[in-house]
There are 2 protein chains.
Amino acid sequence: MLAYAGDMVEKKSDRTRAAILAAARERFGADGYERATIRAIAADAAIDPAMVMRYYGSKEKLFAAAAEFDIRLPDFGDVPLESLGEVLARHFLERWEADDSLRVLLRTAVTNEVAVERMRGIFAAQLAPTLRVQAVDQPDVRAGLVASQVLGFALCRYILGFPPIATMPDDEVVAWLGPTLARYLTAPAPSQV
Amino acid sequence: MLAYAGDMVEKKSDRTRAAILAAARERFGADGYERATIRAIAADAAIDPAMVMRYYGSKEKLFAAAAEFDIRLPDFGDVPLESLGEVLARHFLERWEADDSLRVLLRTAVTNEVAVERMRGIFAAQLAPTLRVQAVDQPDVRAGLVASQVLGFALCRYILGFPPIATMPDDEVVAWLGPTLARYLTAPAPSQV
DNA sequence: CTTGAAAGTCAACAGGTGTTGACAAAGGGA
DNA sequence: TCCCTTTGTCAACACCTGTTGACTTTCAAG
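As the structure is a computational prediction, the values presented were derived from the model and not from experiment.

## Description of the interface of chain B and chain A
Okay, so step 1: Taken together, the contact between chain B and chain A spans 49 residues of the former and 48 residues of the latter.
Okay, so step 2: For the pair chain B and chain A, the summed buried area comes to about 4000 Å², and 71% of that belongs to carbon and sulfur atoms.
Okay, so step 3: Contact with chain A buries surface across chain B, with Val-110, Phe-162 and Trp-176 of chain B losing the most and accounting together for 18% of the total.
Okay, so step 4: Across the contact surface, chain B and chain A share 2 salt bridges.
Okay, so step 5: In this assembly, chain B and chain A are joined by 16 residue pairs in polar contact (both at pLDDT 80 or more).
Okay, so step 6: Contributing elements (two or more residues each) for the side of chain B that touches chain A: helix H1 (12-35), helix H6 (101-109), helix H7 (113-133), helix H8 (139-160), helix H9 (163-166) and helix H10 (170-186) of chain B.
Okay, so step 7: Its residues assigned to classes, the side of chain B that touches chain A comprises 29 nonpolar, 10 polar and 10 charged.

## Topic: the environment of Ile-71 of chain B
Residue and element names in this part refer to chain B.
Okay, so step 1: Here Ile-71 shows up in the loop between helix H4 (59-66) and helix H5 (81-98).
Okay, so step 2: Sequence-wise, Ile-71 and Asp-140 are 69 residues apart; in three dimensions their C-alpha atoms are separated by 18 Å.
Okay, so step 3: Dropping the residues within four chain positions of it, Ile-71 is found in contact with Arg-95, Ile-122 and Gln-126.

## Here's the deal with the protein's contact with DNA strand C
Okay, so step 1: Among the 19 residues in the neighbourhood of DNA strand C, the closest are listed as Thr-37, Arg-39 and Lys-59 of chain A together with Arg-54 and Tyr-55 of chain B.
Okay, so step 2: Expressed as a percentage, the sugar and phosphate content of the atoms of DNA strand C within 4 Å of the protein is 55%.
Okay, so step 3: Between Arg-39 of chain B and DNA strand C, the recorded distance is 3.5 Å, taken from a side-chain N or O atom to a base nitrogen.
Okay, so step 4: Arg-54 of chain B places a polar side-chain atom, nitrogen or oxygen, 3.1 Å from a base oxygen of DNA strand C.

## A look at helix H1 (residues 12-35) of chain A
All names here are of chain A.
Okay, so step 1: For H1, with 24 residues, the first-to-last C-alpha span of 30 Å runs short of the 34 Å given by 1.5 Å per residue.
Okay, so step 2: Along H1, the helix axis deviates most sharply at Gly-29, where the bend reaches about 85°.
Okay, so step 3: The set of residues buried in H1 consists of Ser-13, Ile-20, Leu-21, Ala-23, Ala-24, Arg-25, Phe-28, Gly-29, Gly-32 and Tyr-33.
Okay, so step 4: The elements touched by buried residues of H1 are helix H2 (38-44), helix H3 (49-56), helix H4 (59-66) and helix H6 (101-109).

## Section: the relation of the copies chain B and chain A
Okay, so step 1: Overlaying chain B on chain A yields an RMSD of 0.1 Å, the required transformation being a rotation through 180° with an accompanying axial translation of 0.0 Å. Taken together, the rotation angle and the small translation identify this as a two-fold axis. Within chain B, the C-alpha atom positioned nearest to the axis of rotation is that of Gly-152 of chain B, 1.7 Å from it.
Okay, so step 2: Interface overlap between copies: 98% of the residues of chain B at the interface are likewise at the interface in chain A, consistent with a symmetric, same-surface contact.

## Focus: the domain arrangement of chain A
Residues and elements named next belong to chain A.
Okay, so step 1: We note that the domain assignment places domain 1 (12-66) and domain 2 (81-186) within chain A.
Okay, so step 2: Distance from the C-alpha centre of domain 1 to the C-alpha centre of domain 2: 27 Å.
Okay, so step 3: Roughly 880 Å² of surface becomes buried between domain 1 and domain 2 when both sides are summed, with 58% attributable to carbon and sulfur atoms.
Okay, so step 4: For the side of domain 1 that touches domain 2, the element with the most residues is H1, which contributes 9 residues.
Okay, so step 5: Class assignment of the residues belonging to the side of domain 1 that touches domain 2 gives a composition of 5 nonpolar, 2 polar and 4 charged.

## Considerations on H10 of chain B
Okay, so step 1: In this model, H10 of chain B (17 residues) spans 23 Å end to end at C-alpha, consistent with the 24 Å of a helix rising 1.5 Å per residue.
Okay, so step 2: Residue Leu-177 of chain B marks the point of greatest curvature in H10 of chain B, where the axis turns by about 30°; the proline Pro-179 of chain B follows within four residues.
Okay, so step 3: All of the buried residues in H10 of chain B are Glu-172, Val-173, Val-174, Trp-176, Leu-177, Gly-178, Thr-180, Leu-181, Ala-182, Tyr-184 and Leu-185 of chain B.
Okay, so step 4: As for H10 of chain B, its buried residues are in contact with helix H8 (139-159) and helix H10 (170-186) of chain A together with H5, H7 and H8 of chain B.

## Some remarks on the packing of aromatic side chains
Both the distance between ring centres and the angle between the ring planes are used here to describe each pair of aromatic rings.
Okay, so step 1: In this structure the tally under the stated criterion is 12 aromatic pairs over all chains.
Okay, so step 2: Look at Phe-28 of chain A and Tyr-33 of chain A: their rings are 5.7 Å apart centre to centre, the planes differ by 5°, and that puts the pair in the stacked class. Neither Phe-28 of chain A nor Tyr-33 of chain A differs from the other in exposure class; each is buried.
Okay, so step 3: The interplanar angle of 75° and the centroid separation of 6.0 Å between the aromatic rings of Trp-176 of chain A and Tyr-184 of chain B together place this pair among those described as edge-to-face. With Trp-176 of chain A in helix H10 and Tyr-184 of chain B in helix H10, the pair connects residues from two separate chains.
Okay, so step 4: A residue is classified by how much of its surface remains accessible, and Trp-176 of chain A, at 1% relative accessible area, is buried.
Okay, so step 5: Cation over ring: Lys-59 of chain B sits above Tyr-33 of chain B, and NZ or CZ is 4.6 Å from the ring centre.
Okay, so step 6: Across from the ring centre of Tyr-158 of chain B, 5.0 Å away, lies the NZ or CZ of Arg-103 of chain B, which sits over that ring.

## Remarks on the confidence of the model for chain A
Residue and element names in this part refer to chain A.
Okay, so step 1: Residue-level pLDDT values for chain A average 90, and 93% of them are 70 or greater.
Okay, so step 2: The least confident element of chain A is helix H7 (residues 113-133), whose mean pLDDT is 91; the most confident is H2, at 98.
Okay, so step 3: Every residue in residues 1-8 is under pLDDT 50, and counting partners more than four places away or in other chains gives 2 contacts.

Cut-offs applied
Each residue is numbered by its place in its chain's sequence as written, counting from 1. To label them, take the chains in the order written and letter them from A, then take the ligands in the order written and number them from 1. With pLDDT at 70 or above as the cut-off, local features in this predicted model cover only qualifying residues; side-chain atom pairs require 80 or more to be listed or tallied, and sums for whole chains, interfaces and linings still use all residues. Each side-chain value is derived from all of the structure's non-hydrogen atoms; neither hydrogens nor water enter the calculation. Contacts are assigned to residue pairs that have any heavy atoms within 4.5 Å of one another. By convention, the term buried area covers the 1.4 Å-probe accessible surface removed from two parts as they join, with the contributions of both added. We count a salt bridge whenever a side-chain nitrogen from Lys or Arg sits within 4 Å of a carboxyl oxygen from Asp or Glu. A 3.5 Å cut-off defines polar contacts: any pair of N or O atoms within that distance qualifies, except that in protein one atom must be a possible hydrogen donor and the other a possible acceptor, and neighbouring residues in sequence count only when both atoms are side-chain atoms. Secondary structure is summarised from DSSP: a helix means a run of H or I of at least four residues, a strand means a run of E of at least two, and numbering begins at the N terminus for each. When residues are grouped by polarity, Ala, Val, Leu, Ile, Met, Phe, Trp, Tyr, Cys and Pro land in nonpolar, Asp, Glu, Lys and Arg in charged, and all others, Gly among them, in polar. Any residue with a heavy atom lying within 4 Å of a molecule or strand is counted as near it. To estimate the expected span of a helix, subtract one from its residue number and multiply by 1.5 Å. Given a residue, its bend is the angle between the two axes fitted to the seven residues that end at it and to the seven that start from it. Think of it in three bands: with a 1.4 Å probe and only protein chains considered, a residue is buried below 20% of the maximum accessible area for its type, exposed above 50%, and partly exposed in between. Least squares is the method used to superpose the copies, on C-alpha atoms of residues holding a pLDDT of at least 70 in both. Each domain span listed reflects an automatic or database assignment of domains. Note on aromatic pairs: the rings of Phe, Tyr and Trp (six-membered ring only in Trp) are paired at centre separations within 6.5 Å, and the planes decide the class, stacked below 30 degrees, edge-to-face beyond 60, tilted for the rest. Think of it as a cone above the ring: NZ of Lys or CZ of Arg counts as a charge over the ring if it is within 6 Å of the ring centre and within 35 degrees of the ring normal. The predictor rates its confidence in each residue with pLDDT, a number between 0 and 100.

Written out as C-alpha cells, the structure reads:
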C-alpha cells in the first residue's frame, strides 16, 4: 500500500480531509454552527457530502475537529506584570488576525457548548495558571476579566463589525486595551461588601 | 363588538399575542435564532403554531417584535465625566439583569443581522451622541470601546457562564468595570502612528 | 335565534437537514 | 492478469423546518 513501511506517506485521502476541514472552518466561522450545513461545506471543498461523514463521522465531530487547534499561550513567566497587559493585548490581536479558528470559536460559542468549553480552556485553564506563576491574587477573577475585554473587543471587531472598532489600527487597539488588561492584572481587588 | 366605541378594550387576541411574544423572547434568548423553532415557541405559549403566523406573519417578523424594546438611555448630561464610567457600569448591569431582551439581542446578534443593527443602535446611535453632549473627542471610538467591555462582560457572565464572572456580586462588577469605562471616556486618545 | 366576524384547530405542503447504505471507479500489490 | 483496499458517487431515508389553507368553534351584535 505504501512505498516504505514505517514512513509517513501522505495518502490521497489526507488532501480531501484537509480540504473538508478548511471549508468547515470557513463556514462555521462565517455562518455559525447551525447555519453551516454539511452540504455547503462539502460543496466548498468540491466533494460529496457523504465523504464528510466518512471522514469525520458526524457534524458535531467535524466541528470538534474544526475547533481544535493549538492555542497554547507563550510563556509569560518572565514578563513583568506591568507590561503583561500590553503584551497580552498584542498577542491576542495577532492570534485573532492570523487564523480564523478563534473566530469560529467565538461565533459558535453562543449556541454550542463544545465551543464554550474550549474557549474556557484558553482563559480559565491557560491564562489563570500563568497568572498563578506570577503570584497574583485571585487569578481566576483576573483571567475572567481579561477574557471579558478580549472577547468583547473581538466580538465588536470581527463578528458585529462595529464601525470604529472594526477599522481601528492594531497599534491603537493595543494602546487602548493594554492598560485595561494591565489594570485587571495588577490592580488590588476591590473590597467586597 | 366592543362595549364603547373609541374605547381601548383588550381583545382576547391580545392575551395570546403577548403570550407568544413572551415565549418567543425566552426561546430566542435561550437557544438563539436558528434553534428557537416556531413550534417550540407555540408549545411554550400553549397555542397552535399557526397562530404565530397569523399574528406575526413570519419568524423573522416575530423576532423583530421580540427584539424590539425600549432601550433609551437615561440623560447623562449632568453626570460628571469622571463618575460616568461607574454610572454606566451600574446602569447596564441593572438593565441586563432586569429583563432578558438584551440577552436575546446578544445571543442572536452573532447570526442575525437585525439584532446586530439593533445592538449598534444602543451604543453607536445612543451612547455616542450622549458623549457628544459632554464634548468628548472621538465619541464614536469611545462608545465602541465601552460597548466592547460591556458586551464582553455580558457575554462571559450571561451567555458563556465563565465561573468567576458569572457569580461575581454586582458591586464588585461595578468596582472592576467602572474605572475601565471611565478611562475609555476620559483618557486622552492614543497618538496614532 | 340568526348571522358573521374573530379565534383557534388540524393536516398537510414543499423544502432542507444530517445521515446511511448500496454501488462504481481507481490503483497498487500479488 | 486478478484481487482487494481505498476513494468517491448516487439516491434515498427519516425527520424537522417555516408556512399555508381549509375547517371548526366561540361569541357578541342584530
